[in-house]
Structures are given as C-alpha cells and as structure tokens.
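Fold and geometry: a report
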Amino acid sequence: MSQAFVTRRDFVKATGVAVLAGGLTGFPLRVSLAEGQRLAEGAPHAEKLGWRLGCQAYTFNRFTFYEAIEKTASLGLHYIEAYPGQTLSKEKPDAKTNDSLSAADRKEVKKRLADAGLKLVNYGVVGLPANEEACRRVFDFAKDMGIETIVSEPPFDAFDIIEKLCDEYQINVAIHNHPKPSTYWNPDTVLKVCEGRSKRIGACADTGHWMRSEINPLEAIKKLEGRIICFHFKDLNRYGMAAHDVPWGTGQADVPALLKEIKRQGLKAVFSIEYEYNWENSLPEIAECVKFFDKVAAELLNAG
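So, a few notes on the structure that sits alongside this text.

Rules used throughout
- Sequence positions are assigned chain by chain, starting from 1 and proceeding in written order.
- Only residues with pLDDT of at least 70 get local features here, since the model is predicted, and only at 80 or more are side-chain atom pairs given and counted; chain-wide, interface and lining totals rely on the full set of residues.
- Note that water and hydrogens are dropped before the side-chain values are worked out from all heavy atoms of the structure.
- A run of H or I in DSSP becomes a helix once it reaches four residues, and a run of E becomes a strand once it reaches two; helices and strands are each numbered from the N terminus.
- Contact definition: two residues touch when any of their heavy atoms are within 4.5 Å.
- Remark: exposure states derive from per-residue accessible area (1.4 Å probe, protein chains only) relative to the maximum for the residue type, with buried under 20%, exposed over 50%, and partly exposed in between.
- When DSSP finds two or more bridges between a pair of strands, those strands are recorded as paired.
- Viewed with both strands pointing away, a crossover whose connecting path from the first strand over the helix to the second turns clockwise is right-handed.
- What makes a nonpolar core is a set of buried Ala, Val, Leu, Ile, Met, Phe, Trp, Tyr and Cys residues whose side-chain atoms join them at distances within 4.5 Å.

Take S198: it is sitting in the loop between helix 7 (187-194) and strand 8 (201-206). Not counting residues up to four positions away in its chain, the partners in contact with S198 are E163, D167 and R227.

What follows is the structure, given as structure tokens:
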C-alpha cells in the first residue's frame, strides 16, 4: 500500500466513510491507499478526442519511479513520462531511469508498467548533444522501452543528427521550453529550429513555464499550430517566476480556452501532468486536475 495525504472530502468520497464532526475538519488525513484504490477515474472523455492524459514522473521526484507508477495508476491514468535520473526503486537506489538501466532492470520496468496498466510514452527532459553516438544511446533506450517521444532542449547544431535519428528510429523529438533565459523559452525559437524539418521534430509545450516567462499559453499554442507533439500541462496561480502550480481551472491559464484551441487544431497529443508544488502530498490536487480536464473534454465533445 502507498501513503498519500488526501483532503477530508477526498477521503470520504474514496472510502465512503463519514468522519465525525470535531477536530478533523479542515485538516488533511494521511490514509493508506489500498492497491487499486483510485482518487480519480482517468480521462475517458479526453480519450475520445485523441488526448492521452498521464503524469510526468518529475511530479513525483521525491519518490522512486516505481512509486510514480503507483501514484499515476491511482488516478485512473494509463500513461507516464519518465525523466532521466529518477531512482528506480527503494530496493535499487543506484539504478536510475535512463539509458544506463541494465537489461534485467528494463525488463522489470516493463512488467511493472504492464501490471499497473501504464504505457511509458515519453522520456525527458534529456540531453541530445551534437554527437551521434551519444544521441543513439538515448534513441536505443527509447526504442527498447517503447517510448514514442523524446523530450529535449538540444543545441542548435544537433538538429541534423536528431532529424536523421528521428526518421531512422521512427521516434519523435519534442523541444521543451524551460522559463527564460533558457534557450527555448520563446515559441519563436522553437518554430525557427523546426522550420524545414521532419514533422517528427516539434514542441513539448510547457504551459506553466510559458506563464513564468510572461507568455500567454493560448497565444503560444496558436503560434505553434502544426508543430506541437506533446504537453507538459500546468495551470499556475499567476504569471511570473514566483508562480506555482494549482489545480487546473483554478489558476490564470484559462484551461478551458487552451483545450478548446487544441481541439480546434485537431491535435492528438499526450498531456503530461507536471505538478511542481506541494511535492510530498500532491495527489489530491492532481486528482482535481484529472477530473477538471475530463470535464472540459466532455463539454467539448457535447459541443461537437
């Protein structure tokens, strides 16, 4: 069983147990989530739009990758994005989720994912230097693990190598935008390096980091039309570097407007929840994100 903080409302909803009036009101409860117990039921309406909602394991960077698998499954989700360097398990503290994983550990990871009903779809943010041998190690790892998209912030002189490997391996590379002054904080830079390149090279649109860079995510998504491959999806309480994640629909990103525009573009994408706040006990807030995402998706479906 895994431990998680849940709110009083979530506890009652999940367990059906009424909490007597008194000293517990307004305080979080640490409860044990039994195997298979869920705080959300995934995003079935979003799936009908071709949107695959999952978690970026960096959300759970205080935990192991195997714990990240359990937490993602507890939300009813079926997709996960790994990041390089996360400890694989408490039993194997030296094993990290990157191309250094042994064949035995890779086999074990695949079984853990399958047992949890999860698919490892994306991997990043990982370096792709202007060195073919180094890039091949990342692509070989991605191919072996069934990964569809490598998320990276490559140097400009690496793209000839990257484009060649994307076509050879049939794997995408999505360019991620950390906040300014990082290389790709401005979507114009992403468009520039994608120009004339394979459609397997595009954007991993991080809506929250755009907000930290004082960029309206709706305008950025419009600008990148035709080049977005996947998302690190966020809603923040404000614009600017001091902002933090909040449950989707409660911040300043205008999530319904973003999803409406994504639907207009006909974009079928992986949405990785990357919740970078309340690190130790974020599951109840992430569950609210999942529910809101699927609610908006249902509304978009009903609107035709």
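Attention now moves to the pairing of strand 8. The element strand 8 is extensively covered by neighbouring structure, given that 6 of its 6 residues are classed as buried. Relative to strand 8, strand 7 (residues 172-176) is paired through 4 bridges, and the arrangement is parallel. When the sheet's bridge partners are listed, V173 is paired in strand 8 with I201. One crossover worth recording links strand 7 to the parallel strand 8 by way of helix 7, and it is right-handed. Pairing of strand 8 with strand 9 (residues 228-233), which is carried by 4 bridges, proceeds in the parallel orientation. Across the sheet, the residue bridging to A203 is I228, located in strand 9.

Further remarks concern the nonpolar core. One finds W51, F65, F231, L259 and F271 to be the most contacted residues of the largest nonpolar core, which totals 87 residues. Ranked by residue count, the leading element in this core is helix 11 (residues 283-302), at 9 residues. Apart from the residues within four sequence positions on either side, F231 is in contact with C204, A205, T207, I221, I262, L267, A269, V270, F271 and S272. Of all hydrophobic cores here, the second largest spans 8 residues; its members include Y79, V151, C204 and I229.

Remember that the coordinates give geometry; whether it matters functionally is a separate question.
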